[in-house]
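Take a look at the letters that make up each chain.
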Amino acid sequence: MPLIGKSFGGGYGSTKKVSGYQQIQQWKAKQKAHSQKFLNQQAVASNVFSVGVSETQTATEMLFNNVAARVKKAAQAKIAEQNEGIDKAIETLDLAKSDSKTDEKKTEGVDVTV
């Protein structure tokens, strides 16, 4: 004798008689509720993940911008240092040139025999 749809005992605390159709309807309703809950959780998780990715992307861009700024500043300092060295070398060459011209002028008209 099948137990589906039968009630046990009679009186306080006894189970209700539920037909097979009603059991299937209840099961479908529970499944639908669970599916909806799952989809809601998935949507929330997806939103949280996308926000996390967006924030991570922003932080990464800020980091790269800071690193790029530091590298650019260091490169500019090195270039300025090298330019300063080149300028000093040019000044030294210019001084040496002007000194040699002065020496040539001093020795003009002087007959030096050794």
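Above this text you will find the structure in question.
Residues numbered from 1 in each chain as written. Predicted model: local features only at pLDDT ≥ 70, side-chain atom pairs only at ≥ 80, totals over all residues. Heavy atoms only, no water.

Participant: What's the story with the overall build of the protein chain in this structure? I'm lost.
Facilitator: A count of helical and extended segments in the protein chain gives one helix and zero strands. In the protein chain, buried positions account for 0% of the 114 residues. When the accessible area of the protein chain is evaluated, it comes to approximately 10800 Å², of which 60% is carbon and sulfur surface. (Helix = DSSP H or I, 4+ residues; strand = E, 2+ residues; numbered from the N terminus. Buried < 20%, exposed > 50% of the residue type's maximum accessible area, 1.4 Å probe, protein only. Areas by Shrake-Rupley, 256 points an atom, 1.4 Å probe, with all protein chains shown as cover.)

Participant: How should I be thinking about a nonpolar patch on the surface in this particular structure?
Facilitator: Together, Leu 63, Val 67 and Val 71 make up a nonpolar patch on the protein surface, roughly 250 Å² of accessible area in all. For Val 71, the position within the fold is in helix α1 (residues 20–107). (Patch = residues over 30% accessible without salt bridge, like charges linked within 9 Å, V, L, I, M, F, W, Y side chains within 5 Å. Salt bridge = Lys/Arg side-chain N within 4 Å of Asp/Glu carboxyl O.)

Participant: What's the story with the pattern of salt bridges in this structure? I'm lost.
Facilitator: Where charged atoms from two side chains of opposite charge come close, those side chains can pair. Applying the stated criterion to the full structure yields one salt bridge. Between Glu 84 and Lys 88 there is a salt bridge whose closest N-O contact spans 3.7 Å. Here Glu 84 pairs with Lys 88, and both are found in helix α1, just four residues apart, close to one helical turn. Of the residues examined, Glu 84 reaches a relative accessible area of 47% and is grouped as partly exposed.

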